[in-house]
Amino acid sequence: MSENIWLYGFDGFERTVTIGFVIADSATEAMDKVWNMYNDFATDHKLSDLVVWKPEEDDNYRNDYPDVMEIVY
C-alpha cells in the first residue's frame, strides 16, 4: 500500500508546508483528490501552490520505515 501514498503540501513563500497525505494511483489522481477536498472547504491555501510527491522520493524519508510518515506544518 505504501506505493499508493502521496504526501501533499502547499509550496509557500519560505518553504513547503506539509499538510498531509493522500492515497492515489498517480500524481494526477493525488492532486485531483486534494483539489476536490479543498474546493469543498473554505481555505487560505492557494490551490495553485499545491505540490504532491512520493515519500520514498523525499530525502528525509527512510526506506527502512515505509509505514511511518512525519507530517510537519
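Residues numbered from 1 in each chain as written. Predicted model: local features only at pLDDT ≥ 70, side-chain atom pairs only at ≥ 80, totals over all residues. Heavy atoms only, no water.

Caption draft 1: Just the packing of aromatic side chains, in detail. In total, this model carries 2 aromatic pairs according to the counting rule given. When the centroid spacing of 6.3 Å and the interplanar angle of 75° are considered together, the rings of Tyr8 and Tyr38 count as edge-to-face. Of this pair, Tyr8 sits in strand β1 (residues 5-11) while Tyr38 sits in helix α1 (residues 27-40); the two residues are 30 residues apart in sequence, bridging distant segments of the chain. Between the aromatic rings of Phe10 and Tyr38, the centroid separation amounts to 5.3 Å while the plane-to-plane angle is 85°, which identifies the pairing as edge-to-face. Of this pair, Phe10 sits in strand β1 while Tyr38 sits in helix α1; the two residues are 28 residues apart in sequence, bridging distant segments of the chain. (Phe/Tyr/Trp six-rings, centres within 6.5 Å; stacked < 30°, edge-to-face > 60°. Helix = DSSP H or I, 4+ residues; strand = E, 2+ residues; numbered from the N terminus.)

Caption draft 2: Structural context of the nonpolar core. In terms of nonpolar packing, the biggest core is built from 11 residues, these being Trp6, Tyr8, Phe10, Val22, Ala24, Ala30, Val34, Tyr38, Leu47, Leu50 and Val52. What Trp6 contacts, discounting residues up to four positions off in sequence, is Gly20, Phe21, Val22, Ala24, Asp25, Ser26, Ala27, Ala30, Val52, Trp53, Lys54 and Pro55. (Core = buried A, V, L, I, M, F, W, Y, C linked by side-chain atoms within 4.5 Å. Buried < 20%, exposed > 50% of the residue type's maximum accessible area, 1.4 Å probe, protein only. Contact = heavy atoms within 4.5 Å.)

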